[in-house]
Amino acid sequence: MSILVTGGAGYIGSHTVKQLREKGYEVVVYDSIEDGHEEAVFDTTLVVGSILDEIKLDETIKKYKIEDVIHFAAYSIVGESIVCPQKYYRNNVLGTLSLLDSMIRNNIKKIVFSSTAAVYGEPERLPIVEESCKNPTNVYGKTKLMIENIMEDYHKAYGLQYVSLRYFNASGADPSGLIGEDHHPETHLIPIIFETLLGKREYLSIFGTDYNTPDGTCIRDYIHVNDLGKAHILALEALSNKLDSGIYNLGNGNGFSIHEVIQSVERVTGQKVPLREEGRRVGDPAMLIASADRAKKDLNWYPDYTKLDDIIETAWEWHRKNKWGFQRRKNK
């Protein structure tokens, strides 16, 4: 029996696949390779396909005797989701419906879903708990919340067992340096800072310095990508041990401002980051900090990377050796 990892050639997916294989699981990656990288999964079985293709999903599930699913496949660029909502609703929502229906047809009842803190929008209080008000401010967050509601309905109607993991700012890279973060375009703060240090950008833009925070810049909760991967595996194992379906936040419980992240990068790299201050972006909450107490209690999940410098050091190890990401390997 195998685990199907949709979107397993992407950033968080590939780190989860690596950990699954190191634990001895049989893994099949299902990925369109539109945003993922074939090189990130090495010799893991890879099926190239869209989650909207139910025929191919059925064929893959039958051929590889899939037993469980970890679902990462989604478009995830917040700004794009606002200007291209059709793309996001079609792929993220209809694609997940396609996957769930294929699972039901083939009697697969366990799924771990990659959700997001974007379902909360601007929080009313901190830290954010799972019961906090859900008011997503962008289409990406709306699609993830919609999928969570769909899974709850499938749980009631068809016996689907699910865990949805709402995580905050994924960051870092596997300490091996073999895989890391490689998005096109890049939208995450830490790799954008590294692109600036590596000469791929002229400067780092800071969007808003007048927030109600100690230094005026946005505060976020950064969680290492390997800690996220570990959580997905623990969630799947917990479902196999009769954990009830549910939703969990994943975060360190500590927030760091943009200026604090920049200072950490400068400590780790020994380089000065060129900056430019600009106006706020629409939809950027001032502070997002998670409470992960429920995941610690139910999943026995505790992050291994709790210091920002340690997270950034693993990311820098990847970026400085792979300036052009996986494209560098393709060109060798």
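Given the structure is predicted, the values throughout are model-derived calculations rather than measurements.

(A) Just the overall build of the chain, in detail. When helices and strands are counted, the chain shows 11 helices and 14 strands. Over its C-alpha trace the chain gives a radius of gyration of 19 Å, about what one expects of a compact globule, namely 20 Å for 332 residues. Counting only C-alpha atoms and orienting by the principal axes, one finds that the chain spans roughly 55 × 50 × 40 Å. Classification of the 332 residues of the chain by burial places 55% in the buried group. A separation threshold of at least 6 residues defines the contact pool for the chain, and within that pool the share at least 24 residues apart is 77%.

(B) Seen up close, the pairing of strand S2 (residues 27-31). Across the 5 residues that make up S2, a large majority, 5, are buried. In this structure, strand S1 (residues 2-6) lies alongside S2, joined through 4 bridges in parallel fashion. Each residue of the ladder has a partner; that of Leu4, found in S2, is Val28. Tracing the backbone out of S1, into helix H1 (residues 11-22) and back to the parallel element S2 gives a crossover that is right-handed. Pairing analysis gives 4 bridges linking S2 to strand S3 (residues 45-48), with the strands arranged parallel. Looking at S3, one finds that Asp31 is bridged to Val48.

(C) Here's a closer look at the sheet that holds strand S12 (residues 256-257). Ordered in space as S12-S9-S14, the 3 strands form an open sheet in which the pairing is mixed. Here the strands that pair on one side only, and so sit at the sheet edges, are S12 and strand S14 (287-288).

(D) Quick look at the sheet that holds strand S6 (residues 161-167). Spatial strand order, S3-S2-S1-S4-S5-S6-S11: 7 strands in an open sheet with parallel pairing. The open sheet has two edge strands, S3 and strand S11 (246-250), and neither has a second partner. The mean angle between the axes of side-by-side strands here comes to 20 degrees, regardless of whether they run parallel or antiparallel. The strands that H1 touches are S1, S2, strand S4 (66-71) and S6; relative to S2, the one it contacts most, it runs at about 170 degrees. Strands in contact with helix H2 (residues 54-63) are S1, S2, S3 and S4; relative to S2, the strand with the most contacts, it is inclined by about 170 degrees.

(E) Fine view of the state of the cysteines. Inspection of the entire model under this criterion finds 0 disulfides. Among the cysteines around Cys133, which has no disulfide bond, Cys218 carries the closest sulfur, lying 19 Å off. By relative accessible area, which is 43% here, Cys133 ends up partly exposed.

(F) The arrangement of the packing of aromatic side chains in detail. This structure, assessed with the given rule, holds 4 aromatic pairs. Summarising the aromatic geometry, the rings of Tyr154 and Tyr158 are spaced 5.0 Å apart at their centres and angled 75 degrees between planes, so their arrangement reads as edge-to-face. Highlighted residues: Tyr154 and Tyr158, both in helix H5 (residues 139-158), separated by 4 residues, approximately one helical turn. Taking relative accessible area as the criterion, Tyr154 reaches 12% and is therefore assigned buried. When its relative accessible area of 43% is taken as the criterion, Tyr158 is described as partly exposed.

(G) Broad picture of the side chain of His71. Of note, His71 is situated in strand S4. Since its relative accessible area comes to 1%, His71 is described here as buried. Only 2.6 Å separates the side chain of His71 from the side chain of Thr6, close enough to count as a polar contact.

(H) Summary view of a nonpolar patch on the surface. On the surface, a cluster of nonpolar side chains totalling about 270 Å² of accessible area is made up of Val78, Ile82 and Val83. On the secondary structure map, Val78 appears in helix H3 (residues 78-83).

Thresholds applied
Residues numbered from 1 in each chain as written. Predicted model: local features only at pLDDT ≥ 70, side-chain atom pairs only at ≥ 80, totals over all residues. Heavy atoms only, no water. Helix = DSSP H or I, 4+ residues; strand = E, 2+ residues; numbered from the N terminus. Rg over C-alpha atoms; globule rule 2.2 N^0.38 Å. Buried < 20%, exposed > 50% of the residue type's maximum accessible area, 1.4 Å probe, protein only. Contact = heavy atoms within 4.5 Å. Pairing = 2+ DSSP bridges. Right-handed = clockwise from strand over helix to strand, strands pointing away. Axes fitted to C-alpha atoms, helices over the stretch in contact; angles between N-to-C directions. Disulfide = S-S within 2.5 Å. Phe/Tyr/Trp six-rings, centres within 6.5 Å; stacked < 30°, edge-to-face > 60°. Polar contact = N/O pair within 3.5 Å; in protein donor to acceptor, adjacent residues only side chain to side chain. Patch = residues over 30% accessible without salt bridge, like charges linked within 9 Å, V, L, I, M, F, W, Y side chains within 5 Å. Areas by Shrake-Rupley, 256 points an atom, 1.4 Å probe, with all protein chains shown as cover. Salt bridge = Lys/Arg side-chain N within 4 Å of Asp/Glu carboxyl O.

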